[in-house]
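What follows is each chain in one-letter form.
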Amino acid sequence: MEPDNDVALDIIITNVVCVFRTRCHLNLRKIALEGSNVIYKRDFGKVLMKLRKPKITASIWSSGKIICAGATSEEDAKLGARRLARCLQKLGFKVVKFTEFKVVNVLAVCTMPFEIRLPEFTKSNRPLASYEPELHPAALYRIKDIKATLQVFSTGSITVTAPSVQFIATAIEQIYPLVFECRKTRI
């Protein structure tokens, strides 16, 4: 049996992490006192701000660097980051600009329609795959050219971490024939 090219796999994006800059210094104490849905982490020198729609959590540093996590698409991440910049403008930081936006990490989950024999998968893909069952229940597979890391579980679930959504799809396309060879046959 050969891997079908027309198999439709659902790739569910669970987290998108993005970074942007405001190009101005931010007074964290003022944000903590006047902002809503805010937690001041004084010992870390940052403020956590949460938005409800899109549901994201932002780490805000006084330098103006902001990291947003929790979005489920690149569009939601950009929308949430822009909303956050607007919230800062409403708090009195009139010179806040939305610059240097970049998606830095995307986490996705894909479930194969079969179970996988991990020792066999690791043996046949030795330099790129590693499996330590005493430490972690998944085999780790790295694709260097697209900077993707895949965790392959014996249940057929694959967790992918990559710099963009396009690389997530490419990683799944590359791993599918490899895991198909090592699938468990049903008796």
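Owing to the predicted nature of the structure, the values given are computational and were not obtained by experimental measurement.

Student: Looking at this structure, how should I read the overall build of the protein?
Tutor: Scanning the protein from terminus to terminus reveals four helices and ten strands. When the helices and strands of the protein are read in sequence order from the N terminus, they spell out β-α-β-β-β-β-α-β-α-β-β-β-β-α. The C-alpha radius of gyration of the protein comes to 21 Å, more than 25% above the 16 Å expected for a compact globule of 187 residues. Principal-axis analysis of the C-alpha atoms places the extent of the protein at approximately 65 × 35 × 30 Å. Counting only residues that meet the buried cut, the protein has 39% of its 187 residues in that class. Accessible area of the protein: about 11,200 Å², with a carbon and sulfur share of 51%.

Student: I tried to follow the pattern of salt bridges on my own but got confused; where do I start?
Tutor: Two side chains carrying opposite charge are able to pair once their charged atoms lie near each other. Per the counting criterion, the structure on display carries three salt bridges. The salt bridge partner of Glu 120 is Arg 117, with a shortest N-O separation of 2.8 Å. The class for Glu 120 is partly exposed, based on a relative accessible area of 32%. The class of Arg 117 is partly exposed, set by a relative accessible area of 30%.

Student: What is the right way to look at the sheet that holds strand β6 (residues 99–111) in this model?
Tutor: What links the strands of a sheet is backbone hydrogen bonding, and the strands pair in either a parallel or an antiparallel sense. A sheet is described by the order of its strands in space; here ten strands give the open sequence β2-β3-β4-β5-β1-β6-β10-β9-β8-β7, paired in antiparallel fashion. This sheet does not close on itself; its edge strands, each paired only once, are β2 (38–41) and β7 (129–131). On average, adjacent strands in this sheet sit at an angle of 15 degrees to one another, irrespective of strand direction. Each of β1 (11–21), β3 (46–51), β4 (56–61), β5 (65–71) and β6 touches helix α2 (residues 74–90); the most contacted strand, β1, lies at about 35 degrees to it. Packed on one face of the sheet, helix α4 (residues 165–181) meets β1, β6, β8 (138–143), β9 (148–153) and β10 (157–162) and runs near 140 degrees to β10.

Quick notes on the rules
- Residues numbered from 1 in each chain as written.
- Predicted model: local features only at pLDDT ≥ 70, side-chain atom pairs only at ≥ 80, totals over all residues.
- Heavy atoms only, no water.
- Helix = DSSP H or I, 4+ residues; strand = E, 2+ residues; numbered from the N terminus.
- Rg over C-alpha atoms; globule rule 2.2 N^0.38 Å.
- Buried < 20%, exposed > 50% of the residue type's maximum accessible area, 1.4 Å probe, protein only.
- Areas by Shrake-Rupley, 256 points an atom, 1.4 Å probe, with all protein chains shown as cover.
- Salt bridge = Lys/Arg side-chain N within 4 Å of Asp/Glu carboxyl O.
- Pairing = 2+ DSSP bridges.
- Axes fitted to C-alpha atoms, helices over the stretch in contact; angles between N-to-C directions.
- Contact = heavy atoms within 4.5 Å.

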